[in-house]
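# Report on the structure
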Amino acid sequence: MKHSTLGTGDAGLAVARIGLGCMGMSAFYTGSGTDDAESIRVIHRAIDLGVTLFDTADMYGPFTNEKLLGRALAGKRDGVVVATKFGNVTDPEVRKNRPIDGRPDYVAKSVDGSLERLGIDYIDLYYQHRVDTQVPIEDTVGAMAELVAAGKVRHLGLSEAAPATIRRAHAVHPITALQTEYSLWSREPEAEILPTVRELGIGFVPYSPLGRGFLTGTIRNVDELDEDDFRRFNPRFQGDNLSANIAIVEAVDAVAHDLGATPGQVALAWLLAKGDDIVPIPGTKRLAYLEENVAADAVSLSADQVASLDAIAEPRGDRYPDMSTVSK
């Protein structure tokens, strides 16, 4: 697999062009249950295929996804880039009043918990999962910088942060990567986020690069989803919105047909064509989908094909609430 570098200079972090999002192995897509043994096989196969970036967070489970990734990486740490996140409060009682916590003492406590669950000595890339608008970003990133100085963390990242916040954070300590939803299903970063991170030399890690599975062409009706699948409550999957958004998949499928590829591979290839600083992290808990996603690295789109995909209409419906408002 081809490689890229997130960030520049001392903040640079070399990774394979396609990573693996581990969230769905333990949270949000688990209506039919979890299969840790199969998930570990997927992680091991990903390493064999050249994947180096593995993405998790303390809130996935909560905590169980970090433990799962830790078990999978036992004895396989060399060459692997572990990314995890803090900031989304997991205690339901505390969460009622403070759903996001960016206070320095919370940062220090969170990293120690993640290190223990992952069973590693340091975290390669540590993200603030969501920005705490009650705490100056300078305070939060200052505390994160102390983790770098202490050797607990190698690189810093932000997730779903607005341009002004990114600039303020980067002035305190170099930010290696910004993680935000981006795909043919979610084009919002193109307006301000991507220009900002490129100006500052920050890498970009799109999560949900397959539009929460929609761009694979396998979802045409929410009745096909498990009863507790969170996508049932996503505005873009509901009613007339879903019917209108099918046109996006049909356009992707047309390009896939011409290339002899799958729609999901075309969606990932479109992201890769957007720049060497973009490293998507499609998530899966199945070997077949992992291998399909990784093979997207070999799919080459022509300029005309990229242009035709660029011309696809924006999806109808909002992203769900906690994703639709970012810090200012």
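Here, residues in each chain are numbered from 1, in the same order as that chain's written sequence. Selection of residues for local features in this predicted model requires a pLDDT of at least 70, selection of side-chain atom pairs for listing and counting requires 80 or more, and totals for whole chains, interfaces and linings are taken over all residues. Derived side-chain values reflect all non-hydrogen atoms in the structure, with water molecules and hydrogen atoms excluded from consideration.

### Observations concerning the sheet that holds strand β6 (residues 123-128)
This is how the line gets drawn: Two strands qualify as a pair provided DSSP detects at least 2 bridges between them. Secondary structure elements are taken from DSSP: a helix is a run of H or I of four residues or more, a strand is a run of E of two residues or more, and numbering for both begins at the N terminus.
Pairing within the open sheet is parallel, and its seven strands lie in the order β3-β4-β5-β6-β7-β8-β9. For this open sheet the edge positions go to β3 (20-21) and β9 (203-207), each flanked by a neighbour on one side alone. Where β3 meets strand β4 (residues 53-55), two bridges bridge the pair, whose relative direction is parallel. Opposite Gly-21, over in β4, you have Asp-55 as the bridge partner.

### Some details on the packing of helix α2 (residues 64-73) against helix α4 (residues 104-118)
Threshold: Structural elements are reduced to axes, namely lines fitted to C-alpha atoms, with helices fitted over the stretch in contact, and the angle between N-to-C directions of any two is expressed from 0 to 180 degrees. Throughout, the term roughly parallel applies to angles under 35 degrees, roughly antiparallel to angles over 145, roughly perpendicular to angles from 65 to 115, and oblique to all others. Residue contacts follow a heavy-atom distance rule, with two residues in contact if any of their heavy atoms lie within 4.5 Å. Any residue that is not Ala, Val, Leu, Ile, Met, Phe, Trp, Tyr, Cys, Pro, Asp, Glu, Lys or Arg is counted as polar, Gly included; the first ten are nonpolar and the last four charged.
Where α2 contacts α4, the two axes come as close as 7 Å, and the packing angle between them is 45°. It follows that α2 is oblique to α4 by the angle criterion. Touching Glu-66, Lys-67, Leu-69 and Gly-70 of α2 are Ser-114, Arg-117 and Leu-118, all from α4. Within the contact of α2 with α4, the residues separate by chemical class into two nonpolar, two polar and three charged.

### Section: the pairing of β9
On a regular strand, each side chain points to the face opposite its neighbour's, so the side chains alternate between the two faces of the sheet. Quick note on the threshold: Working definition: with a 1.4 Å probe on protein chains only, accessible area under 20% of the residue-type maximum means buried, over 50% means exposed, and in between means partly exposed. Looking down the strands as they point away from the viewer, one classifies a crossover as right-handed if the path from the first strand across the helix to the second runs clockwise.
When you tally the buried positions in β9, you get five out of five residues, the bulk of the element. Here β9 shows no split at all, with Gly-203, Val-205 and Tyr-207 on one side and Phe-204 and Pro-206 on the other all buried. Crossover strand β8 (residues 177-181) to β9 through helix α7 (residues 193-200) is right-handed.

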